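Residue strings, one per chain:
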Amino acid sequence: PAFDNKTGVVLQYKKGTDAVTIETRICLTKYYREQGINKFFLVFETIKKDSSCHVCAPQIGSAIFMHDGIDWRLRKINHGIITSGAHGRAPECKFINIGPDSYAILFEPVYTMNGEYSASIFIIGERANTIDLLLDLDYRTDFNNSGQCRMAQEKAMPVDYPLCFG
């Protein structure tokens with residue numbers, strides 16, 4: 001694999017007779033201490049190379065490393081936790097505290113187009129023997145302006161909050 005600071009790791013593999021090139025880029029890295037153990041959280045995005053269209057969303061994955069007193073060791077990894085983002089990039093994310101001495105990664109993607117606005121919140125973190133989606137809250141606030149972009153035509157927007165725990 002090749003690596004550069006802009007695109008991350010670039011891999012090429014064969015899928016049938018076609019060659020496919022994928023890119024894996026780092027979204028977030030964080031050293032932290034949890035329950036007395038030094039850990040390192042890595043969040044990454046993987047997508048087919050040159051996929052930068054508006055609806056092109058990468059697979060988001062994560063790995064957690066643990067320091068055993070001598071070396072860093074891979075503790076857990078999940079390459080495809082969720083697909084989210086636009087223009088080939090994952091939404092911004094941040095490291096958060098989710099409880100006493102427990103941490104996770106928060107994403108707050110938003111989407112707007114043709115009078116529609118939608119947003120969601122999802123959290124990924126450790127669960128049992130893997131890294132997984134801990135919370136997936138999808139809410140939508142939208143209205144149809146039928147292509148008219150005049151502020152005077154705005155109306156109250158309906159809000160719906162379906163809540164789903166993974």
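Conventions and cut-offs
- Residues numbered from 1 in each chain as written.
- Predicted model: local features only at pLDDT ≥ 70, side-chain atom pairs only at ≥ 80, totals over all residues.
- Heavy atoms only, no water.
- Helix = DSSP H or I, 4+ residues; strand = E, 2+ residues; numbered from the N terminus.
- Contact = heavy atoms within 4.5 Å.
- Pairing = 2+ DSSP bridges.
- pLDDT = per-residue confidence, 0-100.
- Buried < 20%, exposed > 50% of the residue type's maximum accessible area, 1.4 Å probe, protein only.

Here we come to the overall build of the protein. Each helix and strand counted, the protein has zero helices and 13 strands in total. When its helices and strands are written in sequence order, the protein yields β-β-β-β-β-β-β-β-β-β-β-β-β. Across the protein, the fraction of contacts at a sequence separation of at least 24, relative to all contacts at a separation of at least 6, is 41%.

Let us look at the pairing of strand β7 (residues 93–99). Pairing analysis gives six bridges linking β7 to strand β8 (residues 102–107), with the strands arranged antiparallel. Paired with Ile96 across the strands is Ala104, a residue of β8. Following β7, the chain reverses through two residues before pairing antiparallel with β8; Asp101 in that reversal takes a positive phi of roughly 60°.

Before going further, it helps to examine the confidence of the model for the protein. In this model, the protein carries a mean pLDDT of 77, and residues with pLDDT of at least 70 account for 70%. In this model residues 148–159 is a low-confidence stretch, pLDDT under 50, and it forms 10 contacts with partners more than four residues away in sequence or in other chains.

The phi dihedral of His87 is positive, around 55°, even though this residue is not glycine. Within the secondary structure layout, His87 lies in the loop between β6 (72–83) and β7. With a relative accessible area of 44%, His87 lands in the partly exposed category. Of note, Asp101 is a non-glycine position whose phi angle comes to about 60°, a positive value.

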